[in-house]
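# A structural walkthrough
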Amino acid sequence: MKSLKDNVSVLKGVGPKKQASLSELNINSVFDLLSYYPFRYDDFEVKNINNIVDQEKVTLKGTIASEPTIVHYGRRRNILNIRFLIDNDIVKITFFNQPWLKKQLSVGREVLIYGRFDKNRSSMAGIKILQSNDSNQMSSIYPTNKHVRQSTIKEVVKLAYDEYKNYIVDIIPDSIRLKYRLEDFKTVIHDMHFPKTKKEAILARRTAKFNEFFLFQMRLQNLKSISQNKGLSIKFNQNKVDEFIKTLPFKLTDAQKRVINEIFIDLKSNRQMNRLLQGDVGSGKTIVAVLGIYACIDAGYQAALMAPTEILAEQHANKLAKLFENTSVNVSLLTGNTKLSARKELLPRIKDGEVNLIIGTHALIQDNIEYNNLGLAIIDEQHRFGVNQRKKLRQKGKGTNILAMTATPIPRTLAITSYGEMDVSIIDKLPSGRQPVKTSWIRENQFKSVLPFINDRLSSGEQIYVVTPLVEESEAVDMKNAVNIYENFKDIFEPKYQVGLLHGQMNDDEKNNVMGEFQNNNLQILVSTTVIEVGVDVSNATMMIVFNSDHFGLAQLHQLRGRVGRGNHQSYCLLVADPKTEVGTKRMNVMVDSNNGFIISQKDLELRGPGDVMGKAQSGVPDFKVGDPIADLTMLNIAQQEAIQIVSQKDWKNQYNELFNYVSENNKKFLIN
Ligand code: ADP
Ligand code: MG
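The numbers attached to residues start from 1 for each chain and follow its sequence in the written order. Throughout, the order in which chains and ligands are written sets their labels, letters from A for the former and numbers from 1 for the latter. Thresholds applied to this predicted model are a pLDDT of at least 70 for local features of residues and 80 or more for the giving and counting of side-chain atom pairs; totals over whole chains, interfaces and linings are not thresholded and use all residues. Side-chain metrics rest on all non-hydrogen atoms present in the structure, leaving aside hydrogens and water.

What follows deals with the pattern of salt bridges. Any Lys or Arg side-chain nitrogen located within 4 Å of an Asp or Glu carboxyl oxygen qualifies as a salt bridge. The final tally for this structure, using the stated rule, is 24 salt bridges. Taken together, the shared-partner salt bridges in this structure form one network comprising Glu262, Asp266, Arg271 and Arg275.

Before going further, it helps to examine the layout of surface pockets. A water-sized probe, rolled over the atoms, reveals where empty space remains. The definitions used throughout rest on a 1 Å grid laid over the protein atoms alone, on which a cavity is an enclosed set of points accommodating a 1.4 Å probe that cannot get out and a pocket is an open set flanked by protein within 12 Å on both sides along at least five of seven lines; lining residues are those having an atom within 4 Å of a point. Grid points are joined across faces, edges and corners, and a volume is the space filled by probe spheres set on the points. Of the volumes computed, that of the second largest pocket is approximately 1,100 Å³. Residue lining of the second largest pocket: 39 residues in total, with Thr286, Gln315, Lys319, Asp537 and Arg566 positioned closest to the centre. Breaking the lining of the second largest pocket down by element, the ones donating at least two residues are α9 (285-298), α10 (310-323) and α16 (508-519). Helical segments are the DSSP runs of H or I of at least four residues, strand segments are the runs of E of at least two, and each set is numbered from the N terminus.

Right, let's get into the sheet that holds strand β16 (residues 438-442). The strands making up a sheet associate through backbone hydrogen bonding, with each pair oriented either parallel or antiparallel. As summarised here, the arrangement of the six strands in space is β16-β21-β20-β17-β19-β18, forming an open sheet in which the pairing is parallel. Looking along the sheet, the strands with just one partner apiece sit at the ends: β16 and β18 (499-502). The average angle at which neighbouring strand axes cross in this sheet is 15 degrees, direction not considered. By the bridge criterion, five bridges tie β16 to strand β21 (residues 572-576) in an arrangement that is parallel. Bridge pairing in β21 places Ile442 opposite Val576. Contact criterion: two residues are considered in contact whenever any of their non-hydrogen atoms come within 4.5 Å of each other. Every angle, taken between N-to-C directions, lies between 0 and 180 degrees, and every axis is a line fitted to C-alpha atoms, over only the stretch in contact when it is a helix. Sheet strands in contact with helix α18 (residues 582-593) are β16 and β21, and its direction is about 155 degrees off that of β16. Whether two strands pair comes down to DSSP finding at least two bridges between them.

Take the confidence of the model for the protein chain next. Per-residue confidence from the predictor is reported as pLDDT, which spans 0 to 100. For the protein chain, mean pLDDT is 87; residues scoring 70 or higher make up 91% of the total. Counting contacts from residues 613-620, a segment whose pLDDT is below 50, to residues more than four positions away or on other chains yields 18 contacts.

Below, the discussion takes up the site of ligand 1. Neighbouring ligand 1 are 16 residues; Lys251, Gly282, Lys285, Thr286 and Arg434 lie closest to it. The contact in question runs from a nitrogen atom of ligand 1 to an N or O atom on the backbone of Lys251, over 2.8 Å. Here an oxygen atom of ligand 1 sits 2.7 Å away from a polar atom, N or O, in the side chain of Arg434. Among the cavities detected, the one that contains ligand 1 is the second largest pocket. In this count, Pro and Cys sit with the nonpolar residues alongside Ala, Val, Leu, Ile, Met, Phe, Trp and Tyr, while Asp, Glu, Lys and Arg are called charged and the others, Gly among them, polar. Considered class by class, the residues forming the shell around ligand 1 number four nonpolar, six polar and six charged. Here a residue is near a molecule or strand as soon as one of its heavy atoms is found within 4 Å of it. Two N or O atoms form a polar contact when they lie within 3.5 Å of each other; inside protein one atom must be a possible hydrogen donor and the other a possible acceptor, and for residues adjacent in sequence the pair counts only when both atoms belong to side chains. Criterion for pocket placement: a molecule counts as inside a cavity or pocket if more than half of its atoms are within 2 Å of its grid points.

Two elements in contact, α9 and α10, have axes separated by 12 Å at closest approach and are oriented at 55 degrees. Relative to α10, the element α9 is oriented oblique. In this structure, α9 meets α10 at a crossing whose hand is right-handed. Residue-level contacts link Thr286, Ile287, Val290 and Ile293 of α9 to His316, Leu320 and Leu323 of α10. In terms of residue class, the contact of α9 with α10 is built from five nonpolar, two polar and no charged. Any angle that is under 35 degrees is reported as roughly parallel, and any over 145 degrees as roughly antiparallel; angles of 65 to 115 degrees are reported as roughly perpendicular and all others as oblique. By convention the crossing between two helices is left-handed if the near helix lies anticlockwise of the far one by an angle smaller than a right angle, and right-handed if it lies clockwise.

Right, let's talk about the side chain of Glu310 for a bit. The residue Glu310 is located in helix α10 in this model. Using a 1.4 Å probe on the protein chains alone, a residue whose accessible area is under 20% of its type maximum counts as buried, one over 50% counts as exposed, and one in between counts as partly exposed. A positive count includes Lys and Arg, and a negative count includes Asp and Glu. His and the chain ends are not counted in either. In this structure Glu310 is buried but unpaired, with Lys511 as the nearest side chain of opposite charge at 7.2 Å. Within the structure, the side chain of Glu310 is placed 3.0 Å from the side chain of Thr335, a separation counted as a polar contact. Each residue touching Glu310, except ones within four places of it in the same chain, is listed here: Thr335, Gly336, Asn337, Thr361 and Asp508.

Quick look at the structure:
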């Protein structure tokens, strides 16, 4: 029994060698081959000479009106000229270095010639002479590599189609196909490879894209519905939470209240919460986490909060210990820095549940840490953690509710693809009274001209961060840059103002020490590598200077900029960069023009593509074959809606059998974080 899963080697003419080279293009099964779509077509349709654009590649049909002449020049070069009669027009056609065509070009013969048309001279650079049936069809052009020729792919695709066309079935429900006027899949495969007209190719591609998006979303939504089955139900006392909210030093914003309610609904239900909390830098995510923690501990469970750096974990522990002072929450800090003796004493207390809030770094997910009953695990700045680390935390409990927080705004495209299995809450408003940070971009040789401005900040008693280039993926090199700039700033500003240095190669005590000095305003200028990127909170700092800022991701620059603008003073961000490309210049201007993290990351995505923005492996955006999740976002949205709708139907697995088989087969391959 034939199946599209058959290996390509079953096709006539595909021997071991061809099979190996096709495999290099990720073509293994017949289905892989049939869905190895052309990336463009040569259009051989005969055109009317009056409708051709200058320099367009077209096919003309006419009669040879003059004996071909050949002129040789140089050693091996020659040109062949003919006059070509099309209705009443004469077009001069020149073929370069194809003298053998002469035989086919006898006077009076009617032929089809494909070439590039020059409108002004009414001439054409001939490319080839077509056979009469070529013009009925567009010619597919496939991506190839060194070992596989264009003609080979064409051949095997044709073979595969002829032998397997009756095995191509539709897995998209008919109702959806009718609703969006999609073609059946057999037609799609045919017209993608062998279209007769441009229109056919476009229609086929439209359906192919929808298929791809829809099936992807079906897998996501199915996973989501599976993972929602089991979870701890956190039954907390709402009145107590309300009382606790009254003790907070500020009033919650409406946006905060909304996401807190979303989280509470998840916590109470017996589905496992799997929620991503997005909120721009400074939007107040921490307090949302605090309330989740409070509710969870009130219900008798433990909670954990994991942060990407020691500095941030410690800052959280201090802040939360203060907020929870008169409650039953019992905070402890666990990082790589925790002394062995303290650790030894702490672990059993975590295991027996005496400690109910554990704050820390990666130390929280080490194998020998056992929790008593982890009800809620929160990951701060979750984009800084790898997939496996997030998974490990999740596995520390049974049915543990997960809240992942990020200030790296995830553009819709990524939210809907890589994070599609999570629910998303968004804090879309900053607490009132914040003034937007004023951002400017200067070239490196203009830096001297801003020194007076920097002096003004310092003499007003404000503090300054200076972030130094991330030139290479090497801590050592970054540090050298930081040290150079640190020395320069010392020369300029000391002894009047004190300059400190912070970099990734310092040990944790040293780092905390410098950070503390800056926090207490014993240092006015802090020169640092990107270790200060996330979290740190010094409200007297009003200026962020970033050198070589074109080397950073825009989301990262936005994070850095978020270190200032936290107090009542007007704050400033100064980007120093000499971008080498047009895209680089555009990116700097995006930062100057926008203070909105969502807009910034969407722009960055458009300018650089998902792989570069999130890191190739991190982006999680699948390699769609035809769909472009950025350009075709609307279609992706529709496909998602339809998939959600189907999965919500109780008996969809019986009703759409083909679809269910497809989804369950592909589930295993599908990565979930
Ligand atoms: P992020 O979302 O970047 O983690 P934080 O939670 O650190 O932001 O909050 C930024 C600052 O805003 C903190 O100093 C916090 O105390 C303050 N803050 C949070 N919510 C409010 C609010 N509703 N009103 C006023 N200030 C707030
Ligand atoms: Mg934060």
